Amino acid sequence: MRLFITIISALLLSMPVALAQDAADYDPYADMVVSDDLSALPEAVRLKHAQLVEATKTGDIESLRAIIEAQDTPPNVSFGRPDDPVAYLREQSADPEGRQMLALLRNLLEMPYAVLGASSDTPNYVWPYLALADIENLTPEQSVDAFRLITPEQLEDMHQFGGWFWWRVYIGQDGEWQAFVAGD
């Protein structure tokens, strides 16, 4: 009986290690899919994407507020998490009305997207897909997409940095707008 308890105890103690090891071995970048097919998005993601694109067409940055307030958690717009995401985006805009940020958001959302962790239970949808691409080894087509969004100088800076640090959008599988951020 004592041997049986020892064996069961050893098995139970080793389970968290095995589970943690499996989680540590999971690489969401290896499980990434790139697409421009909006019909392939889950309905909640497709709806949020459409809402955001429609908001950008208004020319009024305040149109984002209703989308933000309809969520349990506001999207992260800065790694400092400002209290008012819309005010922060307006401040970051090249114009006082925030229209440049709306144009930027729309340009990002019109690019192909990446599904990070595509076969996981909680995939994330990221625009542009370039945010997850190997920035140092872009194909000619990817370079053209990058130049639709950034200058050659910005791309060179990202090559030197080793990754995309410009603006990107994240939407969760449940349709929650998770982030609209820049930075590494």
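Conventions and cut-offs
- Residues numbered from 1 in each chain as written.
- Predicted model: local features only at pLDDT ≥ 70, side-chain atom pairs only at ≥ 80, totals over all residues.
- Heavy atoms only, no water.
- Helix = DSSP H or I, 4+ residues; strand = E, 2+ residues; numbered from the N terminus.
- Buried < 20%, exposed > 50% of the residue type's maximum accessible area, 1.4 Å probe, protein only.
- Contact = heavy atoms within 4.5 Å.
- Phe/Tyr/Trp six-rings, centres within 6.5 Å; stacked < 30°, edge-to-face > 60°.
- Core = buried A, V, L, I, M, F, W, Y, C linked by side-chain atoms within 4.5 Å.
- Salt bridge = Lys/Arg side-chain N within 4 Å of Asp/Glu carboxyl O.
- Arc of directions from axis to C-beta.
- Pairing = 2+ DSSP bridges.
- Axes fitted to C-alpha atoms, helices over the stretch in contact; angles between N-to-C directions.

## Let's talk about the overall build of the chain
So, step 1. If you tally the helices and strands in the chain, you get seven helices and five strands.
So, step 2. The secondary structure elements of the chain, listed N-terminal to C-terminal, are α-β-α-α-α-α-β-β-α-α-β-β.
So, step 3. In the chain, which comprises 184 residues, the proportion classed as buried is 40%.
So, step 4. Pairs at least 24 apart in sequence give 56% of the contacts found in the chain among residues at least 6 apart.

## Re the packing of aromatic side chains
So, step 1. Scanning the entire structure with this criterion turns up five aromatic pairs.
So, step 2. Centroid distance F161 to F165: 5.4 Å. Interplanar angle 85 degrees. Geometry classified as edge-to-face.
So, step 3. Considering the side-chain rings of W164 and W166, the 6.4 Å spacing of their centres and the 80 degrees angle between planes classify their relative orientation as edge-to-face.
So, step 4. The buried category is assigned to W164, whose relative accessible area is 6%.
So, step 5. Under the relative-accessibility criterion, W166 is labelled buried at 16%.
So, step 6. Taken together through their ring pairs, the aromatic side chains of Y113, Y125 and W127 make up a single cluster.

## A look at the nonpolar core
So, step 1. Core analysis: the biggest nonpolar cluster contains 49 residues, and L64 and F180 have the highest contact counts within it.
So, step 2. Apart from residues lying up to four places away in sequence, F180 is in contact with N76, V77, L89, M101, L104, L105, L108, W167, R168 and V169.

## Examining the pattern of salt bridges
So, step 1. Inspection of every chain in the model, using the stated rule, returns six salt bridges.
So, step 2. The partner of K57 in a salt bridge is E54, with the nearest N and O atoms 3.4 Å apart. Within this pair, K57 and its partner E54 are both found in helix α2 (residues 43–57), separated by three residues, close to a single helical turn.
So, step 3. Of the residues examined, K57 reaches a relative accessible area of 46% and is grouped as partly exposed.
So, step 4. As a salt-bridge pair, R65 and D84 come within 3.1 Å of each other at their nearest N and O atoms. You can see R65 sitting in helix α3 (residues 63–69) and its partner D84 sitting in the loop between α3 and α4 (85–92), a full 19 residues away along the chain.
So, step 5. Residue classification places R65 among the partly exposed residues on the basis of a relative accessible area of 23%.
So, step 6. A residue is classified by how much of its surface remains accessible, and D84, at 29% relative accessible area, is partly exposed.
So, step 7. Connected through salt bridges with shared partners, the residues E62, R65, D84 and R90 form a single ionic network.

## So, unusual backbone geometry
So, step 1. Look at the link from W127 to P128: it is a cis peptide, with omega at -10 degrees.
So, step 2. Tracing the backbone shows P128 in the loop between β3 (124–127) and α6 (140–149).
So, step 3. One non-glycine residue, R81, adopts positive backbone phi at about 45 degrees.

## Description of helix α5 (residues 99–109)
So, step 1. Of all the positions in α5, only M101, L102, L104, L105, L108 and L109 are classed as buried. Along the axis of α5, the buried positions cluster into a sector of 160 degrees, meaning they face one direction only.

## So, the sheet that holds strand β1 (residues 33–35)
So, step 1. Strand order in the open sheet formed by five strands is β1-β2-β3-β4-β5, and the pairing between neighbours is antiparallel. Single-partner strands in this sheet number two, and they are β1 and β5 (177–181). Between one strand axis and the next, the sheet turns through 20 degrees on average, direction left out of account.
So, step 2. Where β1 lies against strand β2 (residues 113–116), three bridges are found, and the strand directions are antiparallel. Within β2, the residue paired with V34 across the bridge is A114.

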